[in-house]
Every structure is written in structure tokens, then in C-alpha cells.
Amino acid sequence: QVQLVESGGGLVQAGGSLRLSCAASGTIFRINTMTWYRQGPGKQRELVAAITDRGNTNYANSVNGRFTISRDNAKNTVYLQMNSLKPEDTAVYYCAAEVSTVGWDFNDYWGQGTQVTVSS
């Protein structure tokens, strides 16, 4: 069993910063790509940023230059540093990870989400 737990969400004024964390725990053999998604009010879930096990990153155009994804493989944790936040960044942020519990059979796991609210 694998669990992903996000933390670090909250209320911040526009222009401010937040740092989200997502820690994976349980029976973990290997983690491939770790990804942050978000779902704003009345919107579909969208990819925010992703990072491979080798550190290659990918960002949504809307956050490129403002958000930074990173990971600590020793801690099975992924981070999302969010700067210059805008009201349109308001959403529930979810992390997801491709995890194998044994061998090379990978499955996708999701966290429960953390709310980020940016006030204008």
C-alpha cells in the first residue's frame, strides 16, 4: 500500500508565495515521475508541473517562470514552490506519482489534495 500526503496549502495574498510538499510512504521500490495537478472552481483538473526520477521537469505555460518543482528521492517527497501567486492559481492541488511496490510494475497513486487560495 502506498500513500501520498500533501501539505503546505493555505490562504495567501496575490504576489505571495507558498511551498507545497507531497510525501510518499508505504511499500515503495521505485518512484518514476511525480506530478502536481490542480483543479480550480468549476474547472477541469490540469497538470501544473512534473518531474522525472532523473530531475527532468515540465511546466504548464500558466505557471512557467513562477513555480518550481523539485524532489528529494531519499525522502520520496516532491515539492512545489509557488511564487508570484495570482488569484487564478486558486485551486485544490493534488500530487500524483508513478510507484512500483516491487519490481518494475508501476501504478499511479494520488494524494487527497490541499487547498490553495489566493486573494486579490
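Every value quoted in this text rests on a predicted model; they were computed, and no experiment measured them.

*Asks:* Hey, could you run me through unusual backbone geometry in this one?
*Replies:* Trans is the common state for peptide bonds, and a negative phi is the common state for residues other than glycine. Positive phi is not limited to glycine here, since Asn 76 has a value of about 55°. One can find Asn 76 in the loop between strand 7 (67–72) and strand 8 (77–82). Judged by relative accessible area, which is 24%, Asn 76 ranks as partly exposed. For Ser 84, which is not glycine, the phi dihedral falls at a positive 50°. With respect to the helices and strands, the residue Ser 84 is situated in the loop between strand 8 and strand 9 (91–100).

*Asks:* So what exactly am I meant to see when it comes to the nonpolar core here?
*Replies:* One broad trend across soluble globular proteins is that nonpolar side chains are buried collectively. Counting 29 residues, the largest nonpolar core has Trp 36, Leu 80, Met 82 and Tyr 93 as its most contacted members. For this core, the elements supplying multiple residues, two or more each, are strand 1 (2–7), strand 3 (18–26), strand 4 (30–39), strand 5 (46–51), strand 7, strand 8, strand 9 and strand 11 (114–119). With residues up to four places along the chain from it excluded, the contact list for Met 82 reads Gly 16, Ser 17, Leu 18, Leu 20, Arg 66, Phe 67, Tyr 93 and Val 116.

*Asks:* Would you explain the pattern of salt bridges in this entry?
*Replies:* Here the idea is simple: oppositely charged side chains can pair when their charged atoms come close. According to the stated counting rule, one finds 4 salt bridges in the structure shown. Between Asp 53 and Arg 30 there is a salt bridge, with its nearest N and O atoms 2.8 Å apart. Taken as a pair, Asp 53 in the loop between strand 5 and strand 6 (57–59) and Arg 30 in strand 4 lie far apart in primary sequence, 23 residues in all. Residue classification places Arg 30 among the partly exposed residues on the basis of a relative accessible area of 32%. Glu 46 is paired through a salt bridge with Arg 38; the nearest N and O atoms lie 2.6 Å apart. Among the ionic contacts, a cluster of salt bridges with common partners joins Arg 38, Glu 46, Arg 66 and Asp 89.

Reading the values: rules and limits
- Residues numbered from 1 in each chain as written.
- Predicted model: local features only at pLDDT ≥ 70, side-chain atom pairs only at ≥ 80, totals over all residues.
- Heavy atoms only, no water.
- Helix = DSSP H or I, 4+ residues; strand = E, 2+ residues; numbered from the N terminus.
- Buried < 20%, exposed > 50% of the residue type's maximum accessible area, 1.4 Å probe, protein only.
- Core = buried A, V, L, I, M, F, W, Y, C linked by side-chain atoms within 4.5 Å.
- Contact = heavy atoms within 4.5 Å.
- Salt bridge = Lys/Arg side-chain N within 4 Å of Asp/Glu carboxyl O.

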